[in-house]
Amino acid sequence: MPPRSRPPDMNPPPSRRTGRGTVDPRRIRADDLRYLLAVTRTGRLVAAADALGVDHTTVSRRIAALEKSLGLRLMERGAEGWALTDAGKAVAENARAIEDALARVAEAVSGQDSPSLHGTVRVSAPDAFGTVIATPALARVRRHHPDLQVELITATRQLTLHPSGFDLALAIGRPAGNRLVTEHLTDYALGLYAADEYLARCGSPESAAGLRDHTLIFYIESMLQVGDLDIERHLPGITPAFSSTNVFAQLEAARLGAGIGVLPAFLTHGAGLRRLLAHEIDIRLPITLAVRREAVTHPAVRAVRDALRQEVAERGAELLPS
């Protein structure tokens, strides 16, 4: 059997230091910093290894070597993968400058006249917003920077306060804590939508109270991880009869006449659904854009951030229809 990979050394021995008490830079291998950044972006040794074109034991070994040379613990394992310690965040923030410099060197020797962004940016977003709003923004960034790798993870879940596995995240609601640099990106509207076939068969509710006589389509309450989507907050006393963890399944169920969906307005364009009780039921939720502190100044992250801002500015009528 091949030897099992070990995690980065949790108790690295002290490194050799100069007379002024600082780490001797001659003992730091700049290439080891690339391995640290790769794990920082993915939160996983195997995923980082795939991005670097090596095996995961090499990644583990190189990070352990970096920790030994610095005499510091740079990463710790959490429930969602590997994350930076406070010392690791400071190291990673400065390591990005080295990574960018290497990319500029590659551009110079390849004869490129205009700078192009390199590396990988991983974005986390809710299913619907990530697919319908974030994807066009990311595609635009890739058109301008074809050497940039963009990864989009979609899941409607609570944004973790101990970030790992992404550079930039979009989340429903306003996360607390100071581990992330956050900003309010936009609000979006949810409403009641149903197909003509359902309305012809079951009629249309005349008020929110009348929804108790209809089939409501929404998330599975016991599996919902986003407090702002708790149906009790918006429609007290009404329980969904058709539930799914996937908003696109909810949309399809409404389109097929299975009930009345509580759906994002931007998701219903072209679906053939009618808006119900628009003046009475108009749910507005915020989307927060969050960036890991050590990634804020990275050019590729800034480019993605700007593209997302531009996308929501241009599509305000879809996100918040009058």
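As a reminder, the structure under discussion sits directly above these lines.
Right, let's walk through the structure included here. (Residues numbered from 1 in each chain as written. Predicted model: local features only at pLDDT ≥ 70, side-chain atom pairs only at ≥ 80, totals over all residues. Heavy atoms only, no water.)

Points about the overall build of the chain
Looking only at helices and strands, the chain features 10 helices and 11 strands. Residue burial in the chain is summarised as follows: out of 322 residues, 48% are buried. Excluding contacts between residues fewer than 6 apart, the proportion of contacts in the chain whose partners are at least 24 apart in sequence is 75%. Total accessible area on the chain stands at roughly 15800 Å², and carbon and sulfur atoms take up 51% of it. (Helix = DSSP H or I, 4+ residues; strand = E, 2+ residues; numbered from the N terminus. Buried < 20%, exposed > 50% of the residue type's maximum accessible area, 1.4 Å probe, protein only. Contact = heavy atoms within 4.5 Å. Areas by Shrake-Rupley, 256 points an atom, 1.4 Å probe, with all protein chains shown as cover.)

Some points on the environment of valine 304
When you line up the elements, valine 304 lands in helix α9 (residues 299-314). Valine 304 gets classed as buried once you look at its relative accessible area, which sits at 0%. Between the C-alpha atoms of valine 304 and arginine 122, which are 182 residues apart in sequence, the distance is 9.9 Å. Contacts of valine 304, omitting those with residues within four sequence positions, involve Val121, Val123, Leu138, Val141 and Leu168.

Thoughts on helix α1 (residues 30-42)
Across the 13 residues that make up α1, a large majority, 10, are buried. All of the buried residues in α1 are Asp32, Leu33, Tyr35, Leu36, Leu37, Ala38, Val39, Thr40, Arg41 and Thr42. Looking one or two residues beyond α1, the residue adopting positive phi is glycine 43, at roughly 75°.

Some details on helix α3 (residues 56-70)
The end-to-end C-alpha distance of α3, which contains 15 residues, comes to 21 Å, matching closely the 21 Å that a straight helix rising 1.5 Å per residue would cover. Taken residue by residue, α3 has Thr58, Val59, Ser60, Arg62, Ile63, Ala64, Leu66, Glu67, Ser69 and Leu70 as its buried positions. In the segment just after α3, glycine 71 is the residue with positive phi, at about 70°. (Expected span 1.5 Å × (residues − 1).)

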